[in-house]
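Coordinate inspection notes
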Amino acid sequence: MEHSVERVPVATMVNGSELALTIHTFRGGDGPVVGLSAAIHGDETIGPEVLRRLAALLERSEVELRGTLRMLPVGNPLAYEANTRNTPTDHVNLNRVFPGDPNGWVTEQLAAKIAKHFLTDLDAYVDFHAGGAYPVVDYVYLTSAPELSRAFGTRLLYRPKDPYPGTTATIADERGIPSVTVELGGGLFHEEEYATRNLDGLRNVLRHVGVLAGDATPAPEQILMHDLAVIRPHHGGILVPQVRVPDLAREVEGGTVLGRIYSPYTFELLETITAPFARSLLVLLRDNLAPIHPGSYMYMVGDAATAETLPAGT
Ligand SMILES: [Zn+2]
């Protein structure tokens, strides 16, 4: 197994430091080439740790490589440093501007380098997202590579009717690269459990592709969601959660209280957030008693009535 690390310069920052991409290549034979990326959103910090753990397994020969893995552990180093979703320098969301612009905003310059130097000549691609600094999330997108998405093994899968434009997955689709976008973990809660689940899911996907040796475990019975509501508050204040991380990927009745927002000044109840669908699947929530801004990601809820049950694989 050969391991090399490439640094791709992007720009010079005002403080004199160089903004660069760090791309690892692990070569272990003539098998498929698979790209893995994380921290395209800088506050989704579990992804780089998952890739670090996989790299350690490869270095110690605890997994056998039958092809090539290319890893971009931190897609947006500026946002990762600041623990923010968007780039602090220009406030742009990196995962909406692909294929980028070599002469655009610094985030667009970053996207252009990722599209040119990383998202090329791949047989499959996995992108790690998460809930962010506060929310915790628990599903995998099922789009261009249903078998691979299922192999990750989460209970919930989601096929959007209108995928977000300008993502790394958009570029992968245009280039005919099957891709999986993972949304698993985030926040400051249960992070060890989520690191383990992410690594286990990734290893199973990589066995399925054939880039790691061994048989993939068949997919469990899973729920494929088609309708997902993002609930954002209208009032900032203290969020007092009524559902917790262990409730994720579970179904609750419509009207179930998910959380209440109180004013920290007058103590008045400002907003009560309830489950919107008669059969609501909890996809994203906040497990912390902390201030929340109006309009921020608070809950994501799937509609169980329009979801499909996918039988366990063989
Ligand atoms: Zn993300």
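Our subject in this report is the structure included herewith. (Residues numbered from 1 in each chain as written. Predicted model: local features only at pLDDT ≥ 70, side-chain atom pairs only at ≥ 80, totals over all residues. Heavy atoms only, no water.)

Brief notes about the coordination of the zinc ion
Stated formally: In this analysis a donor is any N, O or S atom within 2.8 Å of a metal ion (3.2 Å for sodium, potassium and calcium), and since water is not included, sites may seem incomplete. Note on geometry labels: four donors, all angles 85 to 135 degrees, give tetrahedral; four donors become square planar and six octahedral when opposite donors are over 155 degrees apart and every other angle is between 65 and 115; remaining cases are irregular. Secondary structure follows DSSP: runs of H or I at least 4 residues long count as helices, runs of E at least 2 residues long count as strands, and numbering of each begins at the N terminus. Each residue's exposure class comes from its accessible area (1.4 Å probe, protein chains only) as a fraction of the maximum for that residue type: buried when under 20%, exposed when over 50%, partly exposed otherwise.
Distances from the zinc ion to its protein donors, namely His41 (ND1), Glu44 (OE), Glu44 (OE) and His129 (ND1), fall within the range 2.0 to 2.4 Å. Geometry at the zinc ion is irregular, judged from the four donor atoms that bind it and their angles of 57 to 146° at the metal. All donors of the zinc ion come from a single chain, and their spacing in sequence reads H-x2-E-x84-H. In this pair, glutamate 44 sits in the loop between strand E3 (33–38) and helix H1 (46–59) while histidine 129 sits in strand E5 (residues 124–129), placing the two residues 85 residues apart along the sequence. The pair formed by glutamate 44 and histidine 129 is uniform in burial state, with each residue classed as buried.

What to know about the environment of alanine 305
With respect to the helices, strands and loops of the structure, alanine 305 is situated in the loop between strand E17 (299–303) and strand E18 (308–310). Given a relative accessible area of 58%, alanine 305 falls into the exposed group. Distance from alanine 305 to phenylalanine 277, taken between C-alpha atoms, is 8.3 Å for residues 28 residues apart in sequence.

What about the side chain of glutamate 44?
Threshold: In protein, a polar contact means a hydrogen-donor-capable atom and an acceptor-capable atom, both N or O and within 3.5 Å, with residues adjacent in sequence counting only if both atoms are side-chain atoms; elsewhere, any N or O pair within 3.5 Å suffices. By the convention used here, residues are in contact when the closest approach between their heavy atoms is within 4.5 Å.
Given the relative accessible area of 3%, glutamate 44 is considered buried. Within polar-contact distance, the side chain of glutamate 44 engages the side chain of arginine 85 at 3.4 Å. In this structure, glutamate 44 is in contact with Ala39, Arg85, His129, Ala130 and Gly132, ignoring residues within four places of it in sequence.

Re the packing of H1 against helix H6 (residues 191–209)
Put simply, the rule reads: Inter-axis angles, ranging from 0 to 180 degrees, are taken between N-to-C directions of lines fitted to C-alpha atoms, where helices are fitted over the stretch in contact. Should an angle fall under 35 degrees it is taken as roughly parallel, and over 145 as roughly antiparallel, whereas 65 to 115 is taken as roughly perpendicular and any remaining angle as oblique. Here is the rule for handedness: rotate from the far helix to the near one, and if that takes an anticlockwise turn smaller than a right angle the crossing is left-handed, while a clockwise turn gives right-handed. Each residue is assigned to one of three groups, with Ala, Val, Leu, Ile, Met, Phe, Trp, Tyr, Cys and Pro labelled nonpolar, Asp, Glu, Lys and Arg labelled charged, and all others, Gly among them, labelled polar.
Put simply, H1 and H6 touch, their axes get as near as 9 Å, and they point 55° apart. Put simply, H1 runs oblique to H6. Crossing hand, H1 versus H6: right-handed. Residue-level contacts link Ile46, Val50, Leu51, Arg53, Leu54 and Leu57 of H1 to Glu191, Glu192, Tyr194, Ala195, Thr196, Asn198, Leu199, Leu202, Arg203 and Leu206 of H6. Looking at side-chain class alone, the contact of H1 with H6 contains 10 nonpolar, two polar and four charged residues.

Observations concerning the pairing of E3
Which entries qualify depends on this criterion: Two strands qualify as a pair provided that DSSP identifies no fewer than 2 bridges between them. Whether a crossover is right-handed comes down to one check: with the strands pointing away from the viewer, does the path from the first strand over the helix to the second run clockwise; if it does, it is right-handed.
Among the six residues that make up E3, five are buried, leaving the element largely enclosed by the rest of the structure. With five bridges joining them, E3 and strand E4 (residues 68–72) adopt parallel strand pairing. Residue pairing for E4: leucine 36 is matched across the bridge by methionine 71. Between E3 and its parallel partner E4, the chain crosses via H1, and the hand of that crossover is right-handed.

Focus on H6
This is how it is decided: In this analysis, the expected span of each helix is defined as 1.5 Å times one less than the number of residues it contains.
A rise of 1.5 Å per residue sets the reference length of H6, with its 19 residues, at 27 Å; its end C-alpha atoms lie 27 Å apart and thus fit the reference within 8%. Among all positions of H6, only Tyr194, Ala195, Asn198, Leu199, Gly201, Leu202, Asn204, Val205 and Leu206 are buried. Where H6 terminates, the next one or two residues include glycine 210, which has phi positive at roughly 95°.

A few points about the pattern of salt bridges
Let me state the cut-off plainly: The salt bridge criterion pairs a side-chain nitrogen of Lys or Arg with a carboxyl oxygen of Asp or Glu, the two atoms within 4 Å.
For the structure shown, the criterion picks out 12 salt bridges. For glutamate 64, the salt bridge identified is with arginine 66, shortest N-O distance 3.1 Å. Among the ionic pairs, aspartate 227 bridges to lysine 161, the shortest N-O distance being 2.8 Å. You can see aspartate 227 sitting in the loop between strand E9 (222–225) and strand E10 (228–231) and its partner lysine 161 sitting in the loop between strand E7 (156–158) and helix H5 (168–174), a full 66 residues away along the chain. On the accessibility criterion, aspartate 227 (25% relative accessible area) is partly exposed.

Observations regarding unusual backbone geometry
Residue proline 99 follows phenylalanine 98 across a cis peptide bond; omega there is 10°. Examined against the element boundaries, proline 99 turns out to sit in the loop between helix H2 (77–82) and helix H3 (106–117). Positive phi, close to 70°, is recorded for phenylalanine 267, a residue that is not glycine. Secondary-structure assignment places phenylalanine 267 in the loop between strand E13 (257–262) and strand E14 (269–274). Judged by relative accessible area, phenylalanine 267 falls into the exposed class, the value being 64%.

A few points about the sheet that holds strand E16 (residues 290–292)
Pairing is antiparallel in the open sheet, where four strands are placed in the order E14-E13-E11-E16. Both edges of this open sheet fall to E14 and E16, since each of them pairs with a single strand only. This sheet shows a mean twist of 35° between the axes of neighbouring strands, independent of strand direction. The pairing of E13 with E14 spans five bridges and is antiparallel. Of the residues in E14, the one forming a bridge with isoleucine 261 is glutamate 271.

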